[in-house]
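# Chain and residue survey
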Amino acid sequence: MTEDQKVDGAAVHTEENPVKELSKQQLKKLRRKEKEKKEGNTDDAQEPQQDTDDKKEEETNEAEADGEKKAPRKPKKPKKPKVKKQTEPEPTIPVSKLFPSGKYPEGEIMEHPLDLNNYRMTSEEKRSQDELFDATYQEARHAAEVHRQARQWFQKHVVKPGAKMIDLAESLENKVRQLIEEQPLKAGIAFPLGCSLNHCAAHYTPNPGDTTVLGQDDVVKFDLGTHINGRIIDCAFTMCFNPKYQPLLDAVREATNTGIKTAGIDVRLCDVGEAIQEVMESHEIELDGKVYPIKCVRNLNGHNIERFRIHAGKTVPIVRGGPETKMEENEFYAIETFGSTGKGYVQEVGDCSHYMKDYNKFSFPNLRDKSSKDLLSAIDKNFSTLAFARRYLDRAGHTKHLLTLRNLVKCEAVVPYPPLCDVRGSYVAQYEHTIVLRPTCKEVISRGTDY
Ligand SMILES: [Co+2]
């Protein structure tokens, strides 16, 4: 797999190397032939042989055309490797096999807003800057293609009311693992699969032993992260089975698309938040005879993403009054919005399932006991600074981790992210895409035909 050679920022150079090496090889071959000719070496004798082979093949073809029969000959060289097609309805072929060239499908391309960006699409300079980052974009597009294929199959063929949440979660996670060819820190799931229900907006995934069943009247947010070499796609959608909730879902999808449209190089974060709020709050929903305004959840937001770093420091508000900080060239952003029929404000509630190492912390002098050290080294090996779920620790062979994990939290080696919920009885929906602000254009990498 070519990705193995493109691990680091040095990827920029690896694009060039094959070309240089090829021409070197060709040069060598040429020089050798020249030398051989001078020395009268008969190595050339093999070449006429090849020529006659070719001629024979031509003759055979002509003969066949004339209706004469001859023994079929195997083709000398296998043609270009056949591009595989994905299986249907369930995708089972790893996505890398579908794109053997290493060129993955581009997301939706949009122009950066603001007049000062008008030159970017056609600028030669911006185009060449764009090419420099191609290896990075390809990693993100690879992760996005896995995201699309896994989620579309999951939406259409897996999610059904009556199923246990834990079974649904594992089926989507395992599909990602298969399609992305999971390998710790190189390719896999980027954070716990969010499965938050109804008034819970985020950060719920079933813990081991959770028996929750998806109900006919539930509103469920699936927030799925995939990554290639730490390039994260953070992308979420909402599902309901009772059509009465559809206006809520539609409002939030429109608000997220507004955020995506507004984002761009040199755009102020506060302007994105204001545009989102305006659209979100132009909607309302009637549930069982009562009309509810749809509110933005004001203490949740989008964020920029860096390698192995899901929240890299900048937040994209979903209400007005946010920071005036500007978005910059080549930043990756998760643009996500949450709409609620409740207060539009979330608090930490219930059992924690999501955990992550602090990106900026490297040493933990308070950690003494062996079991804590062992668990931390397993976390380093499997997740590094990516978020993980308690179920993922089980899978990694650490089935009795709870007390040790709590100790890691106490020593501040690991940070807990408990479920975030609005008031009971309310409903929250979420839509999210990952975009990159390329020098030439804005690319909505995770865009699909579904949302
Ligand atoms: Co996100």
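Residues numbered from 1 in each chain as written. Predicted model: local features only at pLDDT ≥ 70, side-chain atom pairs only at ≥ 80, totals over all residues.

### Comments concerning the overall build of the protein chain
Tallying secondary structure elements over the protein chain gives 12 helices and 18 strands in all. Summarising the internal contacts of the protein chain: among those between residues at least 6 apart in sequence, 76% fall at separations of at least 24. (Helix = DSSP H or I, 4+ residues; strand = E, 2+ residues; numbered from the N terminus. Contact = placed C-beta atoms within 7 Å.)

### Notes on the pairing of strand E5 (residues 231-240)
Most of E5 is tucked away: 8 of the 10 residues are buried. Where strand E4 (residues 219-228) meets E5, 10 bridges bridge the pair, whose relative direction is antiparallel. Bridged to Thr226 within E5 is Ile233. In textbook terms, the turn of a hairpin is the stretch between consecutive antiparallel strands, and for E4 and E5 this stretch comprises 2 residues, one of which, Asn229, has a positive phi near 50°. (Buried ≥ 20, exposed ≤ 12 C-beta atoms within 10 Å, placed from the backbone. Pairing = 2+ DSSP bridges.)

### Remarks on unusual backbone geometry
Cis geometry marks the peptide bond from Glu88 to Pro89, where omega comes out at -5°. When you line up the elements, Pro89 lands in the loop between helix H3 (46-65) and helix H4 (95-98). Backbone geometry at Asn229 places phi at a positive 50°, although glycine is not the residue there. Along the polypeptide, Asn229 turns up in the loop between E4 and E5. Judged by the 23 C-beta atoms lying within 10 Å of it, Asn229 falls in the buried class.

### Section: the sheet that holds strand E12 (residues 347-348)
Read from one edge to the other, the open sheet built from 3 strands follows the order E3-E16-E12, with strand pairing classed as antiparallel. Both edges of this open sheet fall to strand E3 (200-202) and E12, since each of them pairs with a single strand only. Note that E12 and strand E16 (residues 420-421) share 2 bridges and pair antiparallel. Residue pairing across strands places Glu348 opposite Leu420, the latter belonging to E16.

### Remarks on the UniProt feature "binding site: a divalent metal cation 1" (unreviewed entry) in the protein chain
The sites that carry the UniProt feature "binding site: a divalent metal cation 1" (unreviewed entry) are, in the present numbering, Asp223, Asp234 and Glu432. For the annotated residues, spread through 210 residues, the largest C-alpha to C-alpha distance comes to 8.1 Å, consistent with a single compact locus. Checked against the element boundaries, Asp234 lands in strand E5. Contact partners of Asp234, with chain neighbours within four places excluded, come to Gly225, Ile305, Ile310, Ala334, Glu432 and Thr434. Examined against the element boundaries, Glu432 turns out to sit in strand E17 (residues 428-437). The buried category is assigned to Glu432, around which 26 C-beta atoms lie within 10 Å. The contact partners of Glu432, leaving out residues within four places of it in the chain, are Asp223, Asp234, Cys235, Ala236, Thr256, Ala334, Ile335 and Glu336. (UniProt positions renumbered as here; feature names shortened; annotations may be inferred.)

### Some words on the confidence of the model for the protein chain
Averaged over every residue, the pLDDT of the protein chain is 88; residues scoring 70 or more account for 82%. Below a pLDDT of 50 lies the segment residues 1-22, which in the model reaches 16 contacts outside its immediate sequence neighbourhood of four places, other chains included. Contacts for the low-pLDDT stretch residues 37-68, under 50 throughout, to residues beyond four places or in other chains number 9 contacts. (pLDDT = per-residue confidence, 0-100.)

### Points about the packing of helix H6 (residues 134-157) against helix H7 (residues 165-180)
Between H6 and H7, the least distance of the axes is 9 Å, while the angle of their chain directions is 145°. Helix-helix and strand crossings are classified by hand; for H6 and H7 the assignment is right-handed. Between H6 and H7, the residues in contact are Val146, Gln149, Ala150, Trp153 and Phe154 and Leu172, Lys175, Val176, Leu179 and Ile180, respectively. Partitioning the contact of H6 with H7 into residue classes produces 8 nonpolar, 1 polar and 1 charged. (Axes fitted to C-alpha atoms, helices over the stretch in contact; angles between N-to-C directions. Left-handed = near helix turned anticlockwise from the far one by under 90°. Nonpolar A, V, L, I, M, F, W, Y, C, P; charged D, E, K, R; others polar.)

### Considering the pairing of E4
Burial runs high along E4: 10 of the 10 residues are buried. Side chains Val219, Lys221, Asp223, Gly225 and His227 project from E4 onto one buried face, and the interleaved Val220, Phe222, Leu224, Thr226 and Ile228 project onto a second face that is buried too. Where strand E2 (residues 187-194) meets E4, 5 bridges bridge the pair, whose relative direction is antiparallel. Considered in E4, the bridge of Phe191 is made with Gly225.

### Some remarks on the sheet that holds strand E13 (residues 354-357)
Ordered by their spatial adjacency, 3 strands build an open sheet running E14-E13-E15, and the pairing between neighbours is antiparallel. Every interior strand has two partners, whereas the edge strands, strand E14 (388-389) and strand E15 (414-417), have only one. The pairing of E13 with E14 spans 2 bridges and is antiparallel. Its bridge partner lying in E14, His354 is registered against Ala389.

### Re H7
In this model H7 runs 22 Å from its N-terminal to its C-terminal C-alpha over 16 residues, within 8% of the 22 Å that 1.5 Å per residue would give. All buried positions along H7 are accounted for by Met165, Leu168, Ala169, Leu172, Glu173, Lys175, Val176, Leu179 and Ile180. One side of H7 holds all its buried residues, which, seen down the axis, span an arc of 155°. In this structure, the buried residues of H7 make contact with H4, H6, E2 and E4. Where H7 terminates, the next one or two residues include Glu181, which has phi positive at roughly 55°. (Expected span 1.5 Å × (residues − 1). Arc of directions from axis to C-beta.)

### Considering the packing of helix H8 (residues 246-262) against helix H9 (residues 269-280)
Between H8 and H9, the least distance of the axes is 8 Å, while the angle of their chain directions is 155°. If you check the angle between H8 and H9, you find them roughly antiparallel. Here H8 runs over H9; the crossing is right-handed. Side by side, H8 and H9 meet where Ala251, Val252, Glu254, Ala255, Thr258, Gly259 and Thr262 of the first sit next to Asp271, Val272, Ala275, Ile276, Val279 and Met280 of the second. Counted by class, the contact of H8 with H9 contains 8 nonpolar, 3 polar and 2 charged residues. (Parallel < 35°, antiparallel > 145°, perpendicular 65-115°, else oblique.)

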